[in-house]
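Spelled out, the chains give:
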Amino acid sequence: MRISTLCRIGLHVSLVIGMVSTTNLLPALAQSPSSNRSEFPGRRIGGGTRGECLMNRQSPVALNPTNNLGITASDRPTVYFVMPQTSESYPLQFVLRDADGNSVYDTTLTPNQTKHLVGVQLPQNTVKVGQDYQWYFSVVCDPEDSSQNLVLSGWLRRVTAQIPTQNGADVVEQLKLANTYQAAGLWSDEIAVLAELHQTHPKHDRVEQQWQQLLQTLELQQVFHPSIARQ
């Protein structure tokens with residue numbers, strides 16, 4: 001299993017470029033990332049008494065809206081996390097379950113110790129339109145004792161949207177696309193675009209500005225160390 005420079009599993013490199021037509025979006029799609037927070041319990045920031053392997057280090061963070069529900073129109077969405085640098089490489093486990101609690105996808109990653117941004121891309125059509133899925137992302141501190149694992153959790157929902165499949169690498173157009181995703185409430189897709197741009201164009205002023213704006217919207221700006229924010 002190959003981990004790319006983004007330290008992710010199969011991150012889609014053909015990010016769609018163009019404007020999203022919201023004609024077919026669900027009526028409640030364009031909403032605040034903090035709405036319906038109580039309906040989707042989860043944990044975006046690691047902490048508490050578990051995960052002693054990361055004691056005295058920055059907590060892992062899930063790049064997900066404050067209501068724990070990521071919305072996507074992609075048939076291969078990617079869920080993103082930020083990991084602190086460690087002297088040891090602890091396995092990372094990702095599990096996706098459907099509304100009935102059945103596991104529909106799981107994978108184990110070996111993180112790159114020099115990279116912070118971790119993306120897990122789901123196989124095509126693993127997530128069905130109109131259904132909610134819960135994911136769990138674990139730092140395996142002790143393979144013999146799962147109670148020591150540091151676990152993040154959240155939700156993912158796929159919706160129908162008309163998205164032109166154009167290949168392109170123009171930074172300005174991709175930033176516009178990210179804005180369009182945000183306006184439509186496609187939070188997971190906006191995060192995917194900006195995470196890719198943030199990694200491939202770390203010194204681009206507009207990319208950095210929009211990345212920081214995204215962190216503020218997600219209410220995650222305070223949990224990022226400056227060195228991580230500019231990796």
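Small disclaimer: the values here were computed from a predicted structure and weren't measured.

(A) The overall build of the chain, seen in detail. From N to C terminus, the chain includes 4 helices and 9 strands. Tracing the chain from N to C terminus, the helices and strands come up as β-β-β-β-β-β-β-β-β-α-α-α-α. When the 231 residues of the chain are sorted by exposure, 52% land in the buried category. If you take every contact in the chain between residues at least 6 apart in sequence, the share linking residues at least 24 apart comes to 73%. Only carbon and sulfur atoms are counted for the fraction: they give 45% of the accessible area of the chain, which is about 10900 Å².

(B) The sheet that holds strand β3 (residues 69-72), seen in detail. Spatial strand order, β3-β9-β8-β5-β6: 5 strands in an open sheet with mixed pairing. The sheet is open, and its two edges are formed by β3 and β6 (103-109), each paired on a single side. Taken over all neighbouring pairs, the strand axes of this sheet differ in orientation by 20 degrees on average, direction set aside. Note that β3 and strand β9 (residues 150-158) share 4 bridges and pair parallel. Paired with G70 across the two strands is L156, which belongs to β9. In the packing of helix α2 (residues 187-200) onto the sheet, the strands contacted are β3 and β9, and the crossing angle to β3 comes to about 80 degrees.

(C) Spotlight on the packing of aromatic side chains. Here the structure, examined in full by the defined rule, presents 5 aromatic pairs. Consider the rings of F81 and F137, whose centres lie 3.8 Å apart with planes at 10 degrees: the pair is stacked. With a gap of 56 residues between them, F81 in strand β4 (residues 78-82) and F137 in strand β8 (residues 132-139) connect regions that are remote in the sequence. A relative accessible area of 0% places F81 in the buried class. For the pair F94 and W135, a centre-to-centre distance of 6.4 Å together with 25 degrees between the ring planes defines the contact as stacked.

(D) Geometry of unusual backbone geometry. Non-glycine residue N68 carries a positive phi angle of around 70 degrees. Taking relative accessible area as the criterion, N68 reaches 7% and is therefore assigned buried.

(E) Quick peek at the pairing of β9. The buried count for β9 comes to 8 of 9 residues, which makes it a mostly enclosed element. Direction of pairing for β8 relative to β9: antiparallel, over a ladder of 8 bridges. Each residue of the ladder has a partner; that of F137, found in β9, is L152.

(F) Layout of the pattern of salt bridges. Enumeration over the complete set of coordinates arrives at 2 salt bridges. With a closest N to O distance of 3.6 Å, E173 and K176 form a salt bridge. Taken together, the residues span about one helical turn, with E173 and K176 both in helix α1 (residues 171-184) at a distance of 3 residues.

(G) Structural detail: the packing of α1 against α2. Across the interface, α1 lies against α2 with an axial gap of 8 Å and an inter-helix angle of 155 degrees. On the basis of their axis angle, the class for α1 and α2 is roughly antiparallel. Read as a crossing pair, α1 and α2 show a hand that is left-handed. Between α1 and α2, the residues in contact are V171, Q174, L175, L177, A178, Y181 and Q182 and W187, D189, E190, V193, L194 and L197, respectively. Taken together, the residues of the contact of α1 with α2 sort by class into 9 nonpolar, 2 polar and 2 charged.

(H) Region of the structure containing the nonpolar core. Residues L63, Y80, L186, L194 and W211 are the most contacted members of the largest nonpolar core, which totals 31 residues. For this core, the elements supplying multiple residues, two or more each, are β3, β4, α1, α2 and α3 (205-217). Of all hydrophobic cores here, the second largest spans 23 residues; its members include F81, L92, Y105 and L156.

(I) Representation of the packing of α2 against α3 in the model. Put simply, α2 and α3 touch, their axes get as near as 10 Å, and they point 140 degrees apart. At the point where α2 passes α3, the crossing takes the left-handed sense. On the side of α2, the interface is formed by W187, E190, I191, L194, A195, L197 and H198, while α3 contributes V207, E208, Q210, W211, L214 and T217. Partitioned by chemical class, the residues of the contact of α2 with α3 number 8 nonpolar, 3 polar and 2 charged.

Reading guide: rules and limits
Residues numbered from 1 in each chain as written. Predicted model: local features only at pLDDT ≥ 70, side-chain atom pairs only at ≥ 80, totals over all residues. Heavy atoms only, no water. Helix = DSSP H or I, 4+ residues; strand = E, 2+ residues; numbered from the N terminus. Buried < 20%, exposed > 50% of the residue type's maximum accessible area, 1.4 Å probe, protein only. Contact = heavy atoms within 4.5 Å. Areas by Shrake-Rupley, 256 points an atom, 1.4 Å probe, with all protein chains shown as cover. Pairing = 2+ DSSP bridges. Axes fitted to C-alpha atoms, helices over the stretch in contact; angles between N-to-C directions. Phe/Tyr/Trp six-rings, centres within 6.5 Å; stacked < 30°, edge-to-face > 60°. Salt bridge = Lys/Arg side-chain N within 4 Å of Asp/Glu carboxyl O. Parallel < 35°, antiparallel > 145°, perpendicular 65-115°, else oblique. Left-handed = near helix turned anticlockwise from the far one by under 90°. Nonpolar A, V, L, I, M, F, W, Y, C, P; charged D, E, K, R; others polar. Core = buried A, V, L, I, M, F, W, Y, C linked by side-chain atoms within 4.5 Å.

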